[in-house]
Amino acid sequence: MTETLARIKGLLRRLLARRGAALGLGFLTLVALAAGFATVLPFDPLSQSVAASLLPPSAENWFGTDELGRDILARVIYGARTSLLTAVGAVIIAALIGVPIGLAAGFYGDWRDSLLMRCIDVLLALPNILFAMALIAVLGRSQGAALIAVGIAGIPGFARIARAQVMALRQLDFVTAVRGFGGSPGYIMFRTILPNALSPLVVQAIVLASIAILLEAALAFLGVGVPPPTPSWGEMLRTGKSYLYEAPTYAVLPGIVLTLTILSLDTIGRALTAILDRDETDASGETIGGRR
Amino acid sequence: MTKLSRRQFGMAGLALAGASLAGALPASAQQLKGGRLRVAVLSELANYDPQQLSTVNFHVIKNLYDSLIEYTPEGKPEPSLATEWTITPDKTSVTLKLRSGVTFHSGTPFKADSVLATLQKGADPKRGKNVFATMSIVKDWSAPDDSTVTINFKAPVPERQILDFLQFLIPIDPKGIDTVETVPAGTGPYTLVNRAVGQSLTLKANPKYWREKQPIVQDLVFTVFSEDASASAALESGAVDIVYNGSSRSAVRLKNAGFQVFAGPGPLVQVFRINSTRGPFRNKAFRQAFNHLMDRASILRVGYAGMGKVVALPWAPASPAYDESYNATYAYDLEKAKKLIAASGLSADELKSWKLLVNGSDEASVAISQIVQGSLQKIGIPIELDMRQGAEYVTALLGGDFAATFGAVGNVQKFPSRVATNSIYRTSGNPVLKDPHPHPDYVAAIARVDGASGGAAEVKAAYDNLNKVMVAEAFGIPTNSYDVGLIVASDKIGGVTLDIDNLFVARTIGFK
């Protein structure tokens with residue numbers, strides 16, 4: 001535990017040493033804090049005041065108001081909850097299903113590998129957005145449906161990375177040793193190999209989080225995301241684009257927040273990849289991923 | 001004084017004769033050229049049946065079909081497929097003379113048999129659709145010969161109602177009447193070339209069309225846009241020539257940008273349609289609460305850029321049954337709504353056990369549905385919106401598969417009982433409320449209006465009774481009138497004809 005904490009701290013320190021990643025981390029922290037503490041902030045995303053619709057940014061409404069006179073900043077903050085919840089939920093679903101599939105496929109390597117990976121290939125062949133829309137058509141429009149749809153779309157990524165990691169690690173001495181001591185396949189996969197394959201999976205989680213946020217926004221933009229009046233960045237873009245002439249900030253400001261969030265996640269993902277790649281190079285093949 | 005030579009005199013005479021002939025044509029039609037007219041529409045049509053007079057079909061009906069008679073924008077009747085109509089002095093019968101030399105798209109000659117087949121279809125509760133309610137006044141019909149049709153009524157019918165009825169009747173080719181939903185079967189100025197569902201509809205000029213020099217443009221292409229903003233952008237970029245039935249807000253903006261905007265004489269009234277056979281809406285007091293839950297001013301402002309009027313009854317201000325006092329009596333008042341809800345005796349769970357169906361493709365519907373949702377939230381009734389897109393929504397709307405939804409009604413400027421041509425207000429064969437009609441007082445009130453052919457006092461009493469019954473039964477809660485079928489056109493377009501129902505009439509349109 002202490003060792004893990006120390007590793008996380010070390011990783012964080014190295015991330016913060018990179019300007020881009022530090023900025024991204026700072027922005028994401030701000031968004032996450034705003035989303036997490038939205039209910040205690042003095043903002044109401046649902047309160048309507050039609051008489052005050054489509055107002056420009058002001059001291060009272062920093063981002064202006066929408067067509068129903070709702071505060072756009074409040075809706076951006078609550079929209080962050082929708083986006084982050086979708087991202088976290090999707091990553092959990094994708095990881096919980098994709099990683100065991102990849103581990104099993106890579107570990108056994110026989111017909112089970114072929115069968116599992118062909119199933120993953122089928123899933124991979126489906127365009128994410130179409131698959132998500134089809135699933136939402138079946139499940140109905142809700143945050144849960146969007147989250148599940150995005151999560152399932154993320155399974156192939158985790159499965160393929162986990163499989164590749166297992167295939168690289170399974171012949172190494174420490175795995176052979178555990179097998180020699182009578183370790184069960186499950187123990188070897190989840191207790192021996194998985195901890196050493198975590199780094200690329202963490203990067204994949206960050207990548208999927210950004211894809212999930214973008215996909216959720218895309219679904220809402222297409223009118224099949226979270227139903228109104230629940231705030232969603234994509235839904236704000238969808239409605240706001242109709243008011244670009246009267247109230248340009250309506251669509252532009254949520255769009256900027258969405259862009260910066262995706263940019264932040266991507267920057268952190270790239271930085272992490274670079275840091276972990278250097279770890280592997282520095283170890284000269286002696287240590288892969290660090291923990292033994 | 002210059003003396004004209006014989007040749008000069010002759011030329012001048014010809015020029016004068018030409019000028020007087022040209023004067024007989026609409027001024028705008030004189031210089032208009034044909035070509036390919038590209039029209040952006042915001043909805044996919046439901047089907048080709050002219051008796052399905054739904055807003056989603058407004059862009060095709062008058063281009064594929066002709067009515068028996070037409071109205072000018074001022075409401076004056078004029079011949080179309082019927083060249084003459086004679087109403088008996090006792091107002092129990094009308095005899096029509098049909099136009100000769102007209103053929104359907106299939107080549108079948110237009111004769112009395114097609115009018116009889118159309119009447120037969122309209123009188124069938126399963127096939128009559130929007131026409132069925134109108135047929136309630138009709139007793140029987142006959143065709144003494146191929147060019148004459150006589151329609152008899154059950155009782156004396158006001159003349160205006162007879163004319164409305166004739167204007168509403170669109171003859172269908174008897175050979176194609178059973179497949180008219182999928183294959184057009186009209187006499188109209190255009191014939192079907194191709195339809196890509198959800199994308200486009202291509203028509204071409206009917207070479208055998210009976211109106212002289214019409215249609216002007218040879219090709220008519222409707223492109224379905226899912227977004228009002230996209231349709232406006234297409235017009236601004238020159239990708240389309242006309243946007244039909246776009247939003248009032250866009251029309252206001254485009255007019256300011258120099259585009260031509262044409263608003264027809266037939267507004268729609270937005271109605272919060274309630275399925276009184278479902279859940280808490282079976283409770284009368286709960287339904288009546290919605291008379292006071294509608295923030296009509298906000299709905300008009302947000303949904304329709306303020307273009308229109310707030311109304312508590314399904315009439316346009318020009319309707320003889322319009323009564324402005326209802327706007328004040330049934331104004332937005334949450335306290336009154338709360339009292340009615342308390343009187344309903346429904347539990348908190350029952351009150352919120354329904355979803356508001358929303359046309360997700362229509363920005364105005366999405367916005368105004370959220371206003372109602374917000375009003376309900378204020379009095380402690382949280383409900384969800386059931387967002388559906390395009391055809392999925394239309395199917396639910398016309399099939400009555402909803403608890404409540406917004407949907408506009410037409411014919412609100414005509415004879416009051418014509419309101420029963422709209423699905424939610426049908427007196428029988430109602431696709432939402434089903435048979436037997438759950439509101440017999442309403443059915444009786446419509447019948448009383450139909451039968452009131454006596455003095456002004458009798459007529460007014462019938463209208464007053466209908467208005468009272470409508471707000472009491474509260475299965476349709478009107479909120480505002482608004483311009484439908486707005487035509488926004490580029491400056492190279494001319495010859496726009498305004499239809500009494502605001503349907504899109506392409507046959508007179510051409511390029512300047």
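Residues numbered from 1 in each chain as written. Chains lettered and ligands numbered in written order. Predicted model: local features only at pLDDT ≥ 70, side-chain atom pairs only at ≥ 80, totals over all residues.

Details of the overall build of chain B
To keep things clear, this is the line we draw: Only DSSP runs of H or I covering at least 4 residues are called helices, and only runs of E covering at least 2 are called strands; the numbering of each starts at the N terminus. All radius of gyration figures rest on C-alpha atoms, and the globule criterion is 2.2 Å times the number of residues raised to 0.38. Partly exposed residues are those falling between the two cut-offs: more than 12 but fewer than 20 other C-beta atoms within 10 Å of their own, whereas 20 or more means buried and 12 or fewer means exposed, with C-beta atoms placed from the backbone. Whether two residues are in contact is decided by their C-beta atoms, placed from the backbone, lying within 7 Å.
For chain B, the count of helices and strands is 16 helices and 21 strands. Relative to the 2.2 N^0.38 estimate, which gives 24 Å for 512 residues, the radius of gyration of chain B is 24 Å and therefore close to what a compact globule would have. Principal-axis analysis of the C-alpha atoms places the extent of chain B at approximately 95 × 55 × 50 Å. Every one of the 512 residues in chain B was classed for burial, and the buried ones make up 52%. For chain B, contacts bridging at least 24 residues in sequence account for 71% of all contacts bridging at least 6.

Section: the environment of S490(B)
Residue and element names in this part refer to chain B. Its location among the elements puts S490 in the loop between β19 (487-489) and β20 (493-494). Note: C-alpha distance between S490 and L254 (236 residues apart in sequence) is 9.7 Å. Residues in contact with S490, not counting those within four places in the same chain, are L235, D241 and F259.

Concerning the environment of I170(B)
All names here are of chain B. Tracing the backbone through its elements, the reader meets I170 in the loop between α5 (159-168) and β8 (190-196). Note: C-alpha distance between I170 and S80 (90 residues apart in sequence) is 10 Å. Not counting the four nearest positions on each side in its chain, I170 is found in contact with P50, Y65, D66 and S67.

Overview of the pairing of strand β18 (residues 476-482) of chain B
In regular strands, side chains alternate between the two faces of the sheet. All names here are of chain B. This is how it is decided: Two strands qualify as a pair provided that DSSP identifies no fewer than 2 bridges between them.
Of all the seven residues making up β18, seven are buried; the element is thus mostly covered by neighbouring parts of the structure. Judged from the six bridges that link them, strand β13 (residues 268-274) and β18 form a sheet pairing that is antiparallel. Paired with V269 across the bridge in β18 is S481. As defined by bridge partners, strand β14 (residues 309-310) adjoins β18 across two bridges and the pair is classed as antiparallel. Bridge pairing in β18 links V310 to N480.

Details of the sheet that holds strand β1 (residues 36-41) of chain B
Across a sheet, paired strands are connected by hydrogen bonds in the backbone, their directions being either parallel or antiparallel. Residues and elements named next belong to chain B. Our working rule: For helices, the axis comes from a line fit to the C-alpha atoms of the stretch in contact; other axes are also lines fit to C-alpha atoms, and the angle between any two N-to-C directions lies between 0 and 180 degrees.
The strand order across the open sheet formed by seven strands is β8-β9-β10-β1-β11-β19-β12, and the pairing between neighbours is mixed. Each edge of the sheet is formed by a strand with only one pairing partner; in this case those strands are β8 and β12 (260-262). Across this sheet, the average inter-strand angle for adjacent strands is 20°, counted without regard to direction. Relative to strand β11 (residues 242-244), β1 runs parallel, the two being bridged by three bridges. Its bridge partner being in β11, V39 is matched across the sheet by I242.

Here's the deal with the nonpolar core
How we decide: Throughout this description, the term nonpolar core refers to a group of buried Ala, Val, Leu, Ile, Met, Phe, Trp, Tyr and Cys residues whose C-beta atoms join them within 7 Å.
Judged by nonpolar contacts, the single largest core of 149 residues is most densely connected at V39(B), A40(B), I242(B), F272(B) and V488(B). If near-sequence neighbours (up to four positions away) are discounted, V488(B) is found in contact with L235(B), I242(B), V243(B), G246(B), A251(B), L254(B), F259(B) and V261(B). Grouped together as the second largest cluster of nonpolar side chains are 72 residues, V150(A), I155(A), V207(A) and L214(A) included.

Focus on the packing of helix α3 (residues 72-108) of chain A against helix α10 (residues 198-221) of chain A
Residues and elements named next belong to chain A. Formally: Roughly parallel here means an angle under 35 degrees, roughly antiparallel means over 145, roughly perpendicular means 65 to 115, and every remaining angle is called oblique. Two helices cross in a left-handed way if the nearer one is turned anticlockwise from the farther one by less than a right angle. They cross in a right-handed way if the turn is clockwise. Lys, Arg, Asp and Glu make up the charged group, whereas Ala, Val, Leu, Ile, Met, Phe, Trp, Tyr, Cys and Pro make up the nonpolar group; the residues left over, Gly among them, are polar.
At a closest axis distance of 8 Å, the pairing of α3 and α10 adopts a crossing angle of 130°. By the criterion of interaxial angle, the relationship of α3 to α10 is oblique. With respect to the hand of their crossing, α3 and α10 are arranged in right-handed fashion. Residues S83, T86, A87, A90, V91, A94, A95 and V99 of α3 form the contact with α10, whose own contacting residues are L201, A205, L208, A209, A212, I213 and E216. Taken together, the residues that form the contact of α3 with α10 break down as 12 nonpolar, two polar and one charged.

Topic: the sheet that holds strand β7 (residues 148-153) of chain B
Residues and elements named next belong to chain B. The four strands are arranged β4-β5-β7-β6 in an open sheet whose pairing can be described as antiparallel. Edge positions in the open sheet fall to β4 (82-87) and β6 (138-145), since each of these has one partner strand only. With direction set aside, neighbouring strand axes in the sheet form an average angle of 20°. In this structure, β6 lies alongside β7, joined through five bridges in antiparallel fashion. The partner of V138 across the bridge, within β7, is F153.

Considerations on the interface of chain A and chain B
Taken together, the 13 residues of chain A in the interface contact 18 residues of chain B. A breakdown of the residues in the side of chain A that touches chain B according to their chemical character gives six nonpolar, four polar and three charged.

Description of the confidence of the model for chain B
Residue and element names in this part refer to chain B. Inclusion rule: The predictor attaches a confidence to each residue, called pLDDT, with possible values from 0 through 100.
Looking at chain B, the pLDDT average stands at 90 and 94% of residues meet or exceed 70. Low pLDDT, under 50, characterises residues 1-28; the predicted model gives this stretch seven contacts beyond four residues in sequence or across chains. The ipTM, which scores confidence in the relative placement of chains, is 0.79 for this predicted complex, and the corresponding pTM is 0.74.

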